[in-house]
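Now for the letters of each chain:
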Amino acid sequence: MTAFAPDSLVLNRKLPLWYQVSQSLRASILGRRPEEPLRLPTEDRLAEHYGVSVLTMRQALKELETEGLISRHRRRGTFIEPAALRGAPVRLLGTVDAIVAQQSGERATLLGHGRVPVPAEVAEHFPDLSEVMEYRRLRCDEESGEPTNWAENAVRPELADRIDLAELARRPMTKVLRDLVGVRISRITDTVEARLADPETARLLDVPLLSPILHYTGVTYDDSSRVVDVARIRYRGDRFSFTVTLDAH
């Protein structure tokens, strides 16, 4: 059995270190492979991995424990909670790692993909393109099989050849573009609004027509400020809530 391996993290000195570490570790937990063990490395090893003090690491772990993602046992160690992923709130926070974390933790079924004319809803983000690669995915709770959200990603066509469709079943598009395709992501702009379920959303999410949903739009920019991906995700309104945390410093 392979050891649990948290992702690496480039620290931003403008945000609290414990917060950045907790969100990076959260992303690793939610995106872990099924064969990886539930036991986390020791505090000392995690602190060394992230390049922070043990005190900072403890504060980060306390945040994840409060959230219900992990449990800590004296002398036994720290363990990922197997049931922690069900019904977890979706939070929009301050780093790319945090956004990746919100999109992880559930397996996705690829509904379809291919070149399409740029959808009118995202045309302002691709003024230089007539077509984009569109990926449509449905995420379901792994235990109950209940649909939780479905997503459409409009991606620049030149990136499509490097996107492994199998990876899209277990990784969010942001993580695939950054870690596997090699896109240097500089920022993501998020918009969340309340909408009513259209016929396709009602069918895919198994909710009544015109029932409330949360509609998320994430616009991903590379380091040249070019839009590389626009994600449109429809969340069941009875399964998710959004919390926005603002840093006052």
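Residues numbered from 1 in each chain as written. Predicted model: local features only at pLDDT ≥ 70, side-chain atom pairs only at ≥ 80, totals over all residues. Heavy atoms only, no water.

(A) Fine view of the overall build of the protein. Tallying secondary structure elements over the protein gives six helices and 10 strands in all. Considering only contacts within the protein whose residues lie at least 6 apart along the sequence, 62% involve residues at least 24 apart. Split by element, the accessible area of the protein, about 12,600 Å² in all, is 50% carbon and sulfur. (Helix = DSSP H or I, 4+ residues; strand = E, 2+ residues; numbered from the N terminus. Contact = heavy atoms within 4.5 Å. Areas by Shrake-Rupley, 256 points an atom, 1.4 Å probe, with all protein chains shown as cover.)

(B) The arrangement of the packing of aromatic side chains in detail. Across all of its chains, the model carries one aromatic pair by this definition. Taking the centre distance of 6.2 Å and the plane angle of 80° together, the rings of tryptophan 18 and tyrosine 19 count as edge-to-face. For tryptophan 18, a relative accessible area of 25% corresponds to the partly exposed category. A relative accessible area of 11% places tyrosine 19 in the buried class. (Phe/Tyr/Trp six-rings, centres within 6.5 Å; stacked < 30°, edge-to-face > 60°. Buried < 20%, exposed > 50% of the residue type's maximum accessible area, 1.4 Å probe, protein only.)

(C) Spatial organisation of helix 5 (residues 173-181). Taken as a whole, helix 5 has its buried residues at Met173, Thr174, Lys175, Val176, Leu177 and Val181. Directly beyond the C-terminal end of helix 5, a positive phi value near 95° is found at glycine 182.

(D) Geometry of the side chain of glutamate 167. Secondary-structure assignment places glutamate 167 in the loop between strand 6 (147-155) and helix 5. The exposure class assigned to glutamate 167 is buried, which follows from its relative accessible area of 17%. Apart from the residues within four sequence positions on either side, glutamate 167 is in contact with Val176 and Leu180.

(E) Spotlight on the sheet that holds strand 6. Sheet architecture is open: six strands sit in the order 4-5-6-9-8-7, paired in antiparallel fashion. The sheet is open, and its two edges are formed by strand 4 (108-117) and strand 7 (185-196), each paired on a single side. The mean inter-strand angle of the sheet, taken between neighbouring strand axes irrespective of direction, is 15°. Two strands pair when backbone bridges link them, and strand 7 and strand 8 (residues 212-222) are joined in this way by 11 bridges, in the antiparallel orientation. Bridging across to strand 8, isoleucine 188 finds its partner in threonine 220. (Pairing = 2+ DSSP bridges. Axes fitted to C-alpha atoms, helices over the stretch in contact; angles between N-to-C directions.)

(F) Expanded view of a nonpolar patch on the surface. Taken together, the side chains of Leu196, Leu209 and Leu210 define a hydrophobic patch exposed on the protein surface, amounting to about 320 Å² of accessible area. Within the secondary structure layout, leucine 196 lies in strand 7. Overall, leucine 196 belongs to the exposed group, its relative accessible area being 52%. (Patch = residues over 30% accessible without salt bridge, like charges linked within 9 Å, V, L, I, M, F, W, Y side chains within 5 Å. Salt bridge = Lys/Arg side-chain N within 4 Å of Asp/Glu carboxyl O.)

(G) Inspection of the environment of arginine 178 at higher detail. Residue placement: arginine 178 occurs in helix 5. C-alpha separation for the pair arginine 178 and aspartate 222, spaced 44 residues apart in sequence, amounts to 9.4 Å. At a separation of 2.9 Å, a polar atom in the side chain of arginine 178 contacts the side chain of aspartate 179. (Polar contact = N/O pair within 3.5 Å; in protein donor to acceptor, adjacent residues only side chain to side chain.)

(H) Main features of the pattern of salt bridges. Counting across every chain of the model gives 21 salt bridges. The partner of glutamate 200 in a salt bridge is arginine 136, and the shortest N-O contact between them spans 2.3 Å. Placement of the pair is glutamate 200 in helix 6 (residues 199-205) and arginine 136 in strand 5 (residues 131-140), with a sequence separation of 64 residues. A relative accessible area of 29% places glutamate 200 in the partly exposed class. Of the charged contacts, one joins glutamate 152 and arginine 234 as a salt bridge, the two residues approaching to 2.8 Å between their closest N and O atoms. A residue pair is termed long-range when its members are at least 10 positions apart, and glutamate 152 in strand 6 and arginine 234 in strand 9 (residues 227-236) qualify at 82 residues.

(I) Highlighting the packing of helix 1 (residues 17-30) against helix 3 (residues 54-67). Close contact between helix 1 and helix 3 brings their axes to 8 Å; oriented N to C, the two are set at 55°. One finds that helix 1 runs oblique with respect to helix 3. The element helix 1 and its partner helix 3 pack so that their crossing is right-handed. Contacts from Leu17, Trp18, Val21, Ser22, Leu25, Arg26 and Ile29 in helix 1 reach Thr56, Met57, Gln59, Ala60, Leu61, Glu63, Leu64 and Glu67 in helix 3. Class assignment for the residues of the contact of helix 1 with helix 3 results in nine nonpolar, three polar and three charged. (Parallel < 35°, antiparallel > 145°, perpendicular 65-115°, else oblique. Left-handed = near helix turned anticlockwise from the far one by under 90°. Nonpolar A, V, L, I, M, F, W, Y, C, P; charged D, E, K, R; others polar.)

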